[in-house]
Amino acid sequence: MSNAPAAITEPEGVAGRVLTVALVIASLDTFYLSWRYLALHAAWVTPGTGLCSWTDGIDCDQVLLTPQARAFYVPNALLGFGFFFGCLLWWQWGKRRLDARLRHHLVRTLAFWLVVATLFTLRFWQLLLGLSHLCPFCPWNHLMTWIALGASLAVWRRTPRPSEPAPTAPLVGHVAVCVGQFVLWLALWRVALAAGALAP
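Described in the following lines is the structure provided in the data block. (Residues numbered from 1 in each chain as written. Predicted model: local features only at pLDDT ≥ 70, side-chain atom pairs only at ≥ 80, totals over all residues. Heavy atoms only, no water.)

## Brief notes about the nonpolar core
Here's step 1: Leu19, Leu23, Leu110 and Leu114 are the most contacted members of the largest nonpolar core, which has 27 residues in total.
Here's step 2: Contributions of two or more residues to this core are made by α2 (13–41), α4 (76–97), α5 (103–129), α6 (138–158) and α7 (169–194).
Here's step 3: Top element by residues in this core is α4. It accounts for 7 residues.
Here's step 4: With sequence-adjacent residues up to four places away left out, Leu23 is seen in contact with Phe84, Cys87, Leu88, Leu110 and Ala148.
Here's step 5: Counting residues in hydrophobic clusters, the runner-up holds 22 residues, among them Leu64, Ala77, Cys135 and Trp189. (Core = buried A, V, L, I, M, F, W, Y, C linked by side-chain atoms within 4.5 Å. Buried < 20%, exposed > 50% of the residue type's maximum accessible area, 1.4 Å probe, protein only. Helix = DSSP H or I, 4+ residues; strand = E, 2+ residues; numbered from the N terminus. Contact = heavy atoms within 4.5 Å.)

This is the structure in structure tokens:
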């Protein structure tokens, strides 16, 4: 019995590390862009003073102040942060706290949602290319989506199906945490917007 878990719990190799790094980079990138979006719309900062405000034409702040920064009603950056951070929790926390027999389900589900996210990146690229300003930090999370997708598919292929079913009750709580944090960020933004703390 000691050999079976090892065969399931450590199959990902380099692809697993690439997947984790891509999700970490995307989470950090969208976290900064989310904070910057909120700071700009709350008038906490002056436009053109951000880390990626490099020239008149290369300025994340100018992009974050456009209507396109809310292409799907909620801020794109906040949508991305909730997604990528949720994916990171799903993958890393799931590997550590859930039964090893659920590993195949974890990576399969992650790959599915990264496919969905990859389709969304096509729309985001269309929006970015149509703007008069360039956001140097914005394309990184789209690139990381593609890298994470490729890595997740590689990990999925290398992860064996469990020979026997695992208890699914802990998985329900894991889903609640990963999805719940995503909903929480968007709900907090909507409350702040309704309260007048943020400009539309």
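## Notes on the packing of aromatic side chains
Here's step 1: Summed over all chains, the structure comprises 11 aromatic pairs.
Here's step 2: A centroid spacing of 6.3 Å and a plane angle of 35° characterise the contact between Tyr32 and Trp35, whose relative ring orientation is tilted. Here the residue Tyr32 and the residue Trp35 both occupy positions in helix α2, the gap between them amounting to 3 residues, near one helical turn.
Here's step 3: When its relative accessible area of 14% is taken as the criterion, Tyr32 is described as buried.
Here's step 4: Here the aromatic rings of Phe112 and Trp113 are separated by 5.0 Å at their centres, their planes lie at 80°, and the arrangement is edge-to-face.
Here's step 5: Taken together through their ring pairs, the aromatic side chains of Phe31, Phe81, Phe85 and Trp185 make up a single cluster.
Here's step 6: If you follow Arg70 out to its NZ or CZ, it ends over the ring of Tyr73, 5.0 Å from the centre.
Here's step 7: Taking the ring centre of Trp93 as reference, the NZ or CZ of Arg97 above it sits at 4.6 Å. (Phe/Tyr/Trp six-rings, centres within 6.5 Å; stacked < 30°, edge-to-face > 60°. Lys NZ or Arg CZ within 6 Å of the ring centre and 35° of its normal.)

## Description of the side chain of Thr118
Here's step 1: Structurally, Thr118 can be placed in helix α5.
Here's step 2: Its relative accessible area of 16% is what places Thr118 among the buried residues.
Here's step 3: If we skip the residues at most four places from it in the chain, Thr118 touches Thr145, Trp146 and Leu149.

## Remarks on α2
Here's step 1: Taking 1.5 Å of rise per residue, 29 residues should cover 42 Å, and α2 covers 43 Å from first to last C-alpha, within 8% of that figure.
Here's step 2: Ala43 sits one or two residues past α2 and shows a positive phi near 60°. (Expected span 1.5 Å × (residues − 1).)

## Section: the packing of α4 against α5
The angle between the axes and the distance between the axes are what describe a pair of packed helices.
Here's step 1: With their axes 10 Å apart at the nearest point, α4 and α5 run at an angle of 165° to one another. Judged by the angle between their axes, α4 and α5 are roughly antiparallel. Considering the relative orientation of α4 and α5, their crossing is left-handed. Together, Asn76, Phe83, Cys87, Trp90, Trp91, Gly94 and Lys95 of α4 and Arg103, His105, Leu106, Val107, Thr109, Leu110, Trp113, Leu114, Ala117 and Phe124 of α5 make up the contact between the two elements.
Here's step 2: For the contact of α4 with α5, the per-class residue count stands at 11 nonpolar, 4 polar and 2 charged. (Axes fitted to C-alpha atoms, helices over the stretch in contact; angles between N-to-C directions. Parallel < 35°, antiparallel > 145°, perpendicular 65-115°, else oblique. Left-handed = near helix turned anticlockwise from the far one by under 90°. Nonpolar A, V, L, I, M, F, W, Y, C, P; charged D, E, K, R; others polar.)

## Some thoughts on the state of the cysteines
Here's step 1: If you walk through the whole model with that rule in mind, you get 2 disulfides.
Here's step 2: Two residues share a disulfide in this structure: Cys52 and Cys60, whose sulfurs sit 2.1 Å from each other. Of note, the bridge from Cys52 to Cys60 carries an S-S torsion of about -140° and is left-handed in sense. Residue Cys52 shares its accessibility class with Cys60, and that shared class is buried.
Here's step 3: Each sulfur in the disulfide pair Cys135 and Cys138 lies 2.0 Å from the other. Of note, the bridge from Cys135 to Cys138 carries an S-S torsion of about 75° and is right-handed in sense.
Here's step 4: The buried category is assigned to Cys138, whose relative accessible area is 9%.
Here's step 5: Considering cysteine sulfurs only, Cys87 is the nearest to Cys178, which forms no disulfide, with 8.5 Å between them. (Disulfide = S-S within 2.5 Å.)

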